[in-house]
Amino acid sequence: MTNILVVTGSVRPNSVNSKIVPIVENKLKEQGDTVTIADLADLNLPFFNESVSPTDPSFAPTNERVQQWTQMVANAEAIVFVTPEYNHNMSPVQLNAVDWIGKEWKDKPVALIGYGWGTGGGQAHDAAREALAVNLGAKVSEMQANLFFTKDIAPDGSIIDEVTVNEKVGAALGGIK
Ligand SMILES: Cc1cc2nc3c(=O)[nH]c(=O)nc-3n(C[C@H](O)[C@H](O)[C@H](O)COP(=O)(O)O)c2cc1C
């Protein structure tokens, strides 16, 4: 049994994210994992506003919500980002959450599950890899789920091809085992 943190990626009402996160959560629970959801709408992190970088040894955020988020990442054995693609990147709310943390990302197993139009979130995944793996030293799995609008899921988040969505999500989660 693994303690897994699932990080939401949208604070929009009726977001696609809110339809995909439960699919990921259920699949993890079916595997016997313990799941915690980091709901970035609830956490309501401030925009990064510290004078020093999180990778600086002196970094010690005083904001309680940032401390809570940092603890969630520190406690997790692996992290799953459910990522919408905004302007070829992770959503700003997720990127800000990534920015708030430094050393806790190091060697953390990470899985990426994304969705979008042309690349099914592939460009958001590329940006996430640059930030998390290349810059911060997380172990981002090679396996990732790219869910394509109008093929795998509808633009409102309803599932079109349940078999494919399950396969893609399962393969991405397999990468952090
Ligand atoms: C500001 C903005 C930028 C977007 N940029 C992209 C993009 O680069 N690629 C893409 O496939 N979809 C893009 N989209 C469409 C989103 O993927 C789509 O709206 C999706 O539903 C957003 O996820 P959410 O509903 O979970 O917030 C963009 C949407 C917004 C609001």
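To keep things clear, this report deals only with the structure shown in the data block. Worth saying up front: this structure is predicted, and the values here are computed from it rather than measured.

For the rest of this paragraph, the subject is the side chain of His125. Examined against the element boundaries, His125 turns out to sit in helix α5 (residues 122-135). Only 3.3 Å separates the side chain of His125 from the backbone nitrogen of Gly114, close enough to count as a polar contact. Of note is the side chain of His125, whose polar atom sits 3.0 Å from the backbone oxygen of Ala145. Setting aside residues up to four positions removed in sequence, His125 forms contacts with Leu112, Ile113, Gly114, Gln144, Ala145 and Asn146.

This part is about the site of the ligand. Contacts to the ligand come from 14 residues, most closely from Ser10, Arg12, Asn87, Tyr115 and Trp117. In the environment of the ligand, an oxygen atom lies 2.9 Å from a nitrogen or oxygen atom belonging to the backbone of Val16. Contact between the ligand and His88: an oxygen atom at 2.9 Å from a main-chain N or O atom of the residue. With the chains in place, 74% of the 620 Å² that the ligand exposes on its own is no longer accessible. Considered class by class, the residues forming the shell around the ligand number six nonpolar, six polar and two charged.

Right, let's talk about the nonpolar core for a bit. Of all hydrophobic cores here, the largest spans 27 residues; its most connected members are Leu5, Trp69, Ile79, Phe81, Trp105 and Leu132. Going through the elements one at a time, β1 (3-7), α2 (40-43), α3 (64-75), β3 (78-84), α4 (92-99), β4 (109-116) and α5 are the ones with two or more residues in this core. The dominant element in this core, judged by the number of residues it contributes, is α3, at four residues. Setting aside anything within four residues of it in sequence, one finds Leu5 in contact with Thr36, Ile37, Ala38, Trp69, Met72, Val73, Ala76, Ala78, Ile79 and Val80. If you look at the next biggest cluster of nonpolar residues, it comprises 23 residues, including Val35, Ala78, Ile153 and Leu173.

On to the packing of aromatic side chains, then. By the definition in use, this model includes seven aromatic pairs. An angle of 25 degrees between the planes, with centres 6.2 Å apart, marks the rings of Phe48 and Phe59 as stacked. One end of the pair, Phe48, is in the loop between α2 and α3; the other, Phe59, is in the loop between α2 and α3, and eleven residues separate them in sequence. Judged by its relative accessible area of 28%, Phe48 falls in the partly exposed class. Given the relative accessible area of 14%, Phe59 is considered buried. Between the aromatic rings of Phe48 and Trp100, the centroid separation amounts to 4.6 Å while the plane-to-plane angle is 50 degrees, which identifies the pairing as tilted. Highlighted residues: Phe48 in the loop between α2 and α3 and Trp100 in the loop between α4 and β4, separated in sequence by 52 residues. We classify Trp100 as buried; its relative accessible area is 1%. Following the ring pairs from residue to residue traces out a cluster consisting of Phe48, Phe59 and Trp100. For Lys151, the ring lying beneath its charged end belongs to Phe148, and the centroid distance is 5.2 Å.

Quick look at the side chain of Ser10 now. The residue Ser10 is located in the loop between β1 and α1 (17-30) in this model. Taking the relative accessible area as the measure of exposure, Ser10 reaches 10% and is therefore buried. At a separation of 3.2 Å, a polar atom in the side chain of Ser10 contacts the main-chain amide nitrogen of Arg12. If we skip the residues at most four places from it in the chain, Ser10 touches Ser15, Asn17, Pro84, Tyr86 and Val93.

This part is about the sheet that holds strand β2 (residues 34-38). Pairing is parallel across the open sheet formed by five strands, whose spatial order is β2-β1-β3-β4-β5. Whereas interior strands pair on both sides, the edge strands pair on one side only; in this sheet they are β2 and β5 (139-148). Within this sheet the neighbouring strands show an average axis-to-axis angle of 20 degrees, counted without direction. Its contacts with the sheet put α1 on β1, β2, β3, β4 and β5, and the angle it makes with β3 is roughly 155 degrees. Along the sheet, helix α6 (residues 162-174) contacts β3, β4 and β5; its crossing angle with β5, the most-contacted strand, is approximately 170 degrees.

The rules behind each value
- Residues numbered from 1 in each chain as written.
- Predicted model: local features only at pLDDT ≥ 70, side-chain atom pairs only at ≥ 80, totals over all residues.
- Heavy atoms only, no water.
- Helix = DSSP H or I, 4+ residues; strand = E, 2+ residues; numbered from the N terminus.
- Polar contact = N/O pair within 3.5 Å; in protein donor to acceptor, adjacent residues only side chain to side chain.
- Contact = heavy atoms within 4.5 Å.
- Near = heavy atom within 4 Å.
- Areas by Shrake-Rupley, 256 points an atom, 1.4 Å probe, with all protein chains shown as cover.
- Nonpolar A, V, L, I, M, F, W, Y, C, P; charged D, E, K, R; others polar.
- Core = buried A, V, L, I, M, F, W, Y, C linked by side-chain atoms within 4.5 Å.
- Buried < 20%, exposed > 50% of the residue type's maximum accessible area, 1.4 Å probe, protein only.
- Phe/Tyr/Trp six-rings, centres within 6.5 Å; stacked < 30°, edge-to-face > 60°.
- Lys NZ or Arg CZ within 6 Å of the ring centre and 35° of its normal.
- Pairing = 2+ DSSP bridges.
- Axes fitted to C-alpha atoms, helices over the stretch in contact; angles between N-to-C directions.

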